[in-house]
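Structural features, examined
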Amino acid sequence: DQQVKQNSPSLSVQEGRISILNCDYTNSMFDYFLWYKKYPAEGPTFLISISSIKDKNEDGRFTVFLNKSAKHLSLHIVPSQPGDSAVYFCAASARISGSARQLTFGSGTQLTVLP
Amino acid sequence: DAGITQSPRHKVTETGTPVTLRCHQTENHRYMYWYRQDPGHGLRLIHYSYGVKDTDKGEVSDGYSVSRSKTEDFLLTLESATSSQTSVYFCAISGGSGATAKQYFGPGTRLTVT
């Protein structure tokens, strides 16, 4: 059973409009949530994160919202740009040993921003 | 970008042969991780290390072993490769000063087992 789910495998958005990517989780032990962006043949790149004690975090065009009661988070990109086209992974973090942490990933959403 | 390299970047091997993948970091981070990425699964943790000679199993560790003899190097070994181990393997690091939940990923190794 997947503890982190991204139910939309793909999303297409017009340039300049808002992109909204969604993620659901089941494990209450997760205390940080992160979004990674991945281009083909490259490793995932960290985008933005949020602590479980917050409900919103903003960084430029990117905002992450966390709804703990619904176990749901979303990434908003405004305005969307063609260079944002990539696979976006939602990840949830929990301690596994000492300060070591495991990231549990969703299956990813392919975002395509159309010019 | 974090200084993480992986070698080789691509490898094709036959079923039953041993394979070793290398992750090298220049950031002096304490924690190192190996993940595999498969369609429909995102990335899944194989093994991790919390210091030299200190390693532990992750979610999908069967068929894999690891070793860390130096802070900068973390090796992943497939003792006898199987077709189900065809995947893209990513190394990650975390835990510099001001450690957070953030992990930094290497460029990946694409492994094909025929």
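Predicted model, so just to flag it, every value in this text is computed and none were measured.

Another aspect to go through is the state of the cysteines. The full count for this structure, using the stated rule, is two disulfides over all chains. Put simply, Cys23 of chain A and Cys90 of chain A are joined by a disulfide, and their sulfur atoms are 2.0 Å apart. Sign of the S-S torsion, about -70 degrees for the bond between Cys23 of chain A and Cys90 of chain A, identifies this disulfide as left-handed. Residue Cys23 of chain A is located in strand β3 (residues 19-25), and its partner Cys90 of chain A is located in strand β9 (residues 86-97); the two are separated by 67 residues in the primary sequence. For the pair Cys23 of chain A and Cys90 of chain A, a shared accessibility class is recorded, and that class is buried. Disulfide pairing places Cys23 of chain B opposite Cys91 of chain B at an S-S distance of 1.9 Å.

Residue and element names in this part refer to chain A. Grouped together as the largest cluster of nonpolar side chains are 24 residues, with contacts concentrated most on Phe33, Trp35, Leu73, Leu75 and Tyr88. Going through the elements one at a time, β3, β4 (32-38), β5 (45-51), β7 (62-67), β8 (72-77), β9 and β11 (109-114) are the ones with two or more residues in this core. It is β9 that contributes the most residues to this core, five residues altogether. Leaving out residues up to four positions away in the same chain, Leu75 has contacts with Ser19, Ile20, Leu21, Trp35, Leu47, Ile48, Phe62, Thr63 and Tyr88.

Residue and element names in this part refer to chain B. The four strands lie next to each other as β1-β3-β8-β7, forming an open sheet whose pairing is antiparallel. Each of the sheet's edge strands pairs with one partner strand only, and the pair in question is β1 (4-7) and β7 (64-70). Averaged over all pairs of adjacent strands, the angle between their axes in this sheet comes to 20 degrees, without regard to strand direction. Examined bridge by bridge, β7 and strand β8 (residues 73-78) share five bridges and lie antiparallel to one another.

This part takes up the interface of chain A and chain B. In this assembly, 22 residues from chain A lie in contact with 20 residues from chain B. Surface buried jointly by chain A and chain B totals about 1,700 Å² across both partners, of which 62% is contributed by carbon and sulfur atoms. Ranking the residues of chain A by area buried against chain B places Pro44, Arg101 and Phe105 of chain A at the top, with a combined share of 25%. At the boundary of chain A and chain B, one finds zero salt bridges.

Each aromatic ring pair is summarised here by two numbers: the centre-to-centre distance and the angle between the ring planes. For the structure shown, the criterion picks out 15 aromatic pairs over all chains. Between the aromatic rings of Phe30 of chain A and Phe33 of chain A, the centroid separation amounts to 6.3 Å while the plane-to-plane angle is 75 degrees, which identifies the pairing as edge-to-face. Each member of the pair, Phe30 of chain A as well as Phe33 of chain A, carries the same accessibility label: buried. Note on Tyr48 of chain B and Tyr50 of chain B: the rings are 6.2 Å apart at their centroids and 45 degrees apart in plane angle, and the pair reads as tilted.

Let us look at a nonpolar patch on the surface. Together, Ile18, Ile20 and Val78 of chain A make up an exposed nonpolar region whose accessible area comes to about 230 Å². Taking relative accessible area as the criterion, Ile18 of chain A reaches 40% and is therefore assigned partly exposed.

Here the focus is the pattern of salt bridges. All names here are of chain B. Scanning the entire structure with this criterion turns up seven salt bridges over all chains. Between Arg22 and Asp73 there is a salt bridge; the shortest N-O distance is 3.1 Å. Separated by 51 residues along the polypeptide, Arg22 in strand β3 (residues 19-25) and Asp73 in strand β8 bring together distant segments of the chain. Given the relative accessible area of 33%, Arg22 is considered partly exposed. Two residues, Arg44 and Asp38, come together in a salt bridge whose shortest N-O distance is 2.9 Å.

Criteria and cut-off values
- Residues numbered from 1 in each chain as written.
- Chains lettered and ligands numbered in written order.
- Predicted model: local features only at pLDDT ≥ 70, side-chain atom pairs only at ≥ 80, totals over all residues.
- Heavy atoms only, no water.
- Disulfide = S-S within 2.5 Å.
- Helix = DSSP H or I, 4+ residues; strand = E, 2+ residues; numbered from the N terminus.
- Buried < 20%, exposed > 50% of the residue type's maximum accessible area, 1.4 Å probe, protein only.
- Core = buried A, V, L, I, M, F, W, Y, C linked by side-chain atoms within 4.5 Å.
- Contact = heavy atoms within 4.5 Å.
- Pairing = 2+ DSSP bridges.
- Axes fitted to C-alpha atoms, helices over the stretch in contact; angles between N-to-C directions.
- Buried area = accessible area lost by both parts, 1.4 Å probe.
- Salt bridge = Lys/Arg side-chain N within 4 Å of Asp/Glu carboxyl O.
- Phe/Tyr/Trp six-rings, centres within 6.5 Å; stacked < 30°, edge-to-face > 60°.
- Patch = residues over 30% accessible without salt bridge, like charges linked within 9 Å, V, L, I, M, F, W, Y side chains within 5 Å.
- Areas by Shrake-Rupley, 256 points an atom, 1.4 Å probe, with all protein chains shown as cover.

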